[in-house]
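One letter stands for each residue in the lines below.
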Amino acid sequence: FPFGRRLPCDIYWHGVSFHDNNIFSGQVNKFPGMMETVRKITLSRAMRTMQDLFPLEYNFYPRSWILPEELPLFVAEVRVLKDSDPSWKPTFIVKPDGGCQGDGIYLIKDPSDARLAGSIPSRPAVVQEYICKPLLVDKLKFDIRLYVLLKSLEPLEIYIAKDGLSRFCTEPYQEPTLKNLHQVFMHLTNYSLNIHSENFVHSDSVNTGSKRTFSSILCRLSSRGADVKKLWSDIISLVIKTIIALTPELKVYYQSDIPAGKPGPTCFQILGFDILLMKNLKPMLLEVNANPSMRIEHEQELSPGVFENVPSPVDEEVKVAVIRDTLRLVDPQKKKRKDAHPGHPARSIIPEASAWAAAPAPRPCPCPTCPTPVLVCRRCASPERVPGSSEALPGGTEAPLPSLCLKQVFPKYAKQFSHLRLVDRVAALFIRFLGVKGTTKLGPTGFRTFIRNCKLSNSSFSMAAVDILYIDITRRWNSMGIDHRESGMCLQAFVEAFFCLAQKKYKSLAPHEQVASLLELCECHLAALDERRPLWGWG
């Protein structure tokens, strides 16, 4: 509906963000705040918070520093690490916070690099330790794009696509040196960069070329004796832990845009996880993309300045299945059809896409004027009818769809990861004391109420000290350029304050035990308070 629609829709498919249109019901394919939450700086902060609590559980994210505010810390820590281990010869990768498709990324060998000093004042960035020993295939470095469906935030529900894309560099890999640091086709796996290399190979096979299916890489690794099951298990663990790190921030945005008790849509979102495999097959998270490309074709230059869109079999095989099965999982009519026709399978809301996905490979369009082997003829614009998959079978039922390519991993494996959800519980306290619905920052009155209701003040920690803690932490976080649309304490600042209170109260415990102990204390006091409230109402 390019000009809008007056009647409500079942599913809204927005191009960029939750705020593309006003929505009051149904389901929308974007979560409010997702774009902000997965930006490089916000993601790095969330991962560091979890690394402070669970260092071994979150060692799949490279050591990172946020610039410009942590430049002195970056310089000092690198100096200490080099002094303690003279053999350590690191390389660092600098990623602008708002960059995408490889824009503005470069490598350095030392914090004193002139490019670093010149670019960060105007462009905040994340600098990370570069992974120098990646797994190579055909002597080329590559990364993996996996598609993850966040179907629900509360309760948390996560699906991972069984196949993904492997995106290759276009020059043979060598460990970084001062001579080759600038060779982006050797070090950066971004498709949008390597597509401009004269060595880039567009292939009609999913097993060859500069973009292949992840399953083809797994088959190759398996033939060499690699433990592919363990690799998948590690990747699933990485995805679940990353989303657990992101959900606290997402919940704050969600309650701001869709306050509890008010009509509003439910949300789901397809995320792109970019993962690099190390030489020992350990997966490392590079970044999370809130708007992964769903194009299933690429441009081909026919003559100078003249381009044509050509189908990409590898993109089509992976992405059509992801879109199809996302719609199957969120299909709001599925339950109604089941209730109306018990014993009959639910019908697809997109039978044509199902037929295409079921086809093993593109076949010539039936239109006699179309010479190109595509699924949809560019001239007649009619979808190909796959033999044996007509719109209706005898008896009025439709052809069965392929099995789901999206595998549920949460809550299926919830028990293994429930101990990691401490910051989620801290965020619940933050949201409880926000006071005004629709806000994302906590005022001084709300912070004092939190301290008072949870009985955290005493003779050694007075309410005056509470106010000083609030002012110091809030002022520092606001000076970092965090969202200035509202005044007050953001979630990250509240988490820092909570960790500070936990450390003061439980000094002898490990950091995650300190936070868990303070959470139990706060939740116990608040539960008792909630029990007494009905009695006050009667009074």
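Residue positions are counted from 1 within each chain, in the order its sequence is given. The model is predicted, so local features are restricted to residues of pLDDT at least 70 and side-chain atom pairs to those at 80 or more, both for listing and for counting; the totals for chains, interfaces and linings are taken over all residues. Side-chain measures here rest on the full set of heavy atoms in the structure, leaving out hydrogens and waters.

**Focus on empty space enclosed by the protein**
For the record, the criterion: With a 1 Å grid spanning the protein atoms alone, the term cavity applies to any set of points in which a 1.4 Å probe fits but cannot get out, the term pocket to an open set with protein on both sides within 12 Å along at least five of seven lines, and the term lining residue to any residue with an atom within 4 Å of a point. Grid points are joined across faces, edges and corners, and a volume is the space filled by probe spheres set on the points. Numbering of helices and strands starts at the N terminus; helices are DSSP runs of H or I of at least 4 residues and strands are runs of E of at least 2. Note that Gly is not counted as nonpolar here; it falls among the polar residues with everything else outside the nonpolar set of Ala, Val, Leu, Ile, Met, Phe, Trp, Tyr, Cys and Pro and the charged set of Asp, Glu, Lys and Arg.
For the coordinates displayed, the defined rule picks out one cavity of 30 Å³ or more. Lining the largest cavity, in full, are Lys40, Leu43, Ser44, Tyr61, Lys95, Val126, Gln128, Leu286 and Glu287. The element contributing the most residues to the lining of the largest cavity is helix H2 (residues 40–53), with three residues. Residue composition of the lining of the largest cavity, grouped by class: four nonpolar, two polar and three charged.

**Considerations on the pattern of salt bridges**
Side chains that differ in sign of charge can pair as their charged atoms come close. Keep this limit in mind: Each reported salt bridge corresponds to a side-chain nitrogen of Lys or Arg within 4 Å of a carboxyl oxygen of Asp or Glu. For every residue, the accessible area (1.4 Å probe, protein chains only) is compared with the maximum for its type, and the residue is labelled buried under 20%, exposed over 50%, or partly exposed between those bounds.
Taken as a whole and judged by the stated rule, the model has 26 salt bridges. Linking Lys40 and Glu287 is a salt bridge whose minimum nitrogen-to-oxygen distance equals 3.9 Å. Of this pair, Lys40 sits in helix H2 while Glu287 is found in strand E14 (residues 283–289), placing the two residues 247 residues apart along the sequence. Its relative accessible area of 11% is what places Lys40 among the buried residues. In this structure, Arg324 engages Asp325 in a salt bridge whose closest nitrogen and oxygen atoms are separated by 2.7 Å. On the accessibility criterion, Arg324 (3% relative accessible area) is buried. Under the relative-accessibility criterion, Asp325 is labelled buried at 0%. It is possible to trace a salt-bridge network through shared partners that takes in Asp143, Arg145, Arg167 and Asp274.

**Overview of the nonpolar core**
Rule in force here: Residue types Ala, Val, Leu, Ile, Met, Phe, Trp, Tyr and Cys, when buried and joined through side-chain atoms within 4.5 Å, form a set referred to as a nonpolar core. Residue ranges for the domains originate in an automatic or database domain assignment.
Grouped together as the largest cluster of nonpolar side chains are 102 residues, with contacts concentrated most on Phe273, Phe447, Phe450 and Phe498. With 14 residues, the single largest contributor to this core is helix H8 (residues 228–257). In terms of domain composition, this core takes at least three residues from each of domain 1 (34–62 + 131–300 + 308–335) and domain 2 (420–529). Among the nonpolar cores identified, the runner-up in size contains 16 residues, and Val206, Val314, Ala321 and Leu329 belong to it.

**Quick word on unusual backbone geometry**
The step from Glu154 to Pro155 runs through a cis peptide bond, and the omega angle for that step is 5°. Cis geometry marks the peptide bond from Phe410 to Pro411, where omega comes out at 15°. Mapped onto the secondary structure, Pro411 falls in the loop between strand E17 (406–410) and helix H12 (414–417). We note that Asp138 has phi near 55°; this positive angle belongs to a residue other than glycine. Residue placement: Asp138 occurs in the loop between strand E7 (136–137) and strand E8 (140–152). You will see that Leu281, though not glycine, has its phi angle at about 70°, which is positive. By secondary structure assignment, the location of Leu281 is in the loop between strand E13 (269–277) and E14.

**A look at the confidence of the model for the chain**
This is how it is decided: For every residue, the predictor states its confidence as a pLDDT score lying anywhere from 0 to 100. Residue contacts follow a heavy-atom distance rule, with two residues in contact if any of their heavy atoms lie within 4.5 Å.
Of all residues in the chain, 82% attain a pLDDT of 70 or more, and the chain-wide mean is 83. For residues 344–394, every residue scores under 50 in pLDDT, and the model assigns this stretch 75 contacts once sequence neighbours within four places are set aside.

**Points about the sheet that holds strand E1 (residues 11–12)**
What counts, and what does not: The pairing criterion for strands is at least two bridges between them, as found by DSSP.
If you trace the three strands from one edge of the open sheet to the other, you get E1-E2-E12, paired in parallel fashion. If you trace the sheet from one side to the other, it starts and ends with E1 and strand E12 (266–267), each paired once. Both E1 and strand E2 (residues 27–28) contribute to a ladder of two bridges, which runs parallel. Of the residues in E2, the one forming a bridge with Ile11 is Gln27.

**Considerations on the side chain of Thr440**
Within the element layout of this structure, Thr440 appears in the loop between helix H13 (422–432) and helix H14 (444–453). Classification of Thr440 by relative accessible area gives buried; the value is 14%. Every residue in contact with Thr440, bar those within four places of it in the chain, is listed here: Val252, Gln255, Ser256, Phe430, Leu434, Glu486, Met489 and Cys490.

**Things to note about the sheet that holds strand E5 (residues 106–108)**
The test is simple: Simply put, an axis is a line fit to the C-alpha atoms, just over the touching stretch for a helix, and the angle between two N-to-C directions goes from 0 to 180 degrees.
The antiparallel open sheet is built from four strands, whose spatial order is E3-E6-E4-E5. A single partner strand is all that each edge strand has here, and the edge strands are strand E3 (64–67) and E5. If you compare each strand with its neighbour and ignore which way they point, the axes differ by 25° on average. Summarising the sheet, strand E4 (residues 92–96) and strand E6 (residues 125–129) pair through five bridges and their orientation is antiparallel. Bridge pairing links Val94 to Val127 in E6. The sheet contacts of H2 involve E3, E4 and E6, and relative to E3 the element is tilted by about 135°. Running over the sheet, helix H3 (residues 71–84) touches E3, E4 and E6 and is turned about 145° from E3.

**Notes on the environment of Thr177**
Inspection of the secondary structure puts Thr177 in the loop between strand E10 (165–168) and helix H5 (184–187). Linking Thr177 and Thr91, residues 86 residues apart in sequence, is a C-alpha distance of 8.5 Å.

**Quick word on the packing of aromatic side chains**
Threshold: Here a pair means two rings of Phe, Tyr or Trp (six-membered ring of Trp) with centres within 6.5 Å. Their orientation is stacked below 30 degrees between planes, edge-to-face above 60, and tilted elsewhere.
Counted under the stated rule, the structure contains 18 aromatic pairs. Aromatic side chains Phe142 and Phe168 sit 5.1 Å apart centroid to centroid with 25° between the ring planes, which places their arrangement in the stacked category. In this pair, Phe142 is assigned in strand E8 and Phe168 in strand E10, connecting sequence segments 26 residues apart. Accessibility expressed as a relative area gives 1% for Phe142, which makes it buried. By relative accessible area, which is 1% here, Phe168 ends up buried.

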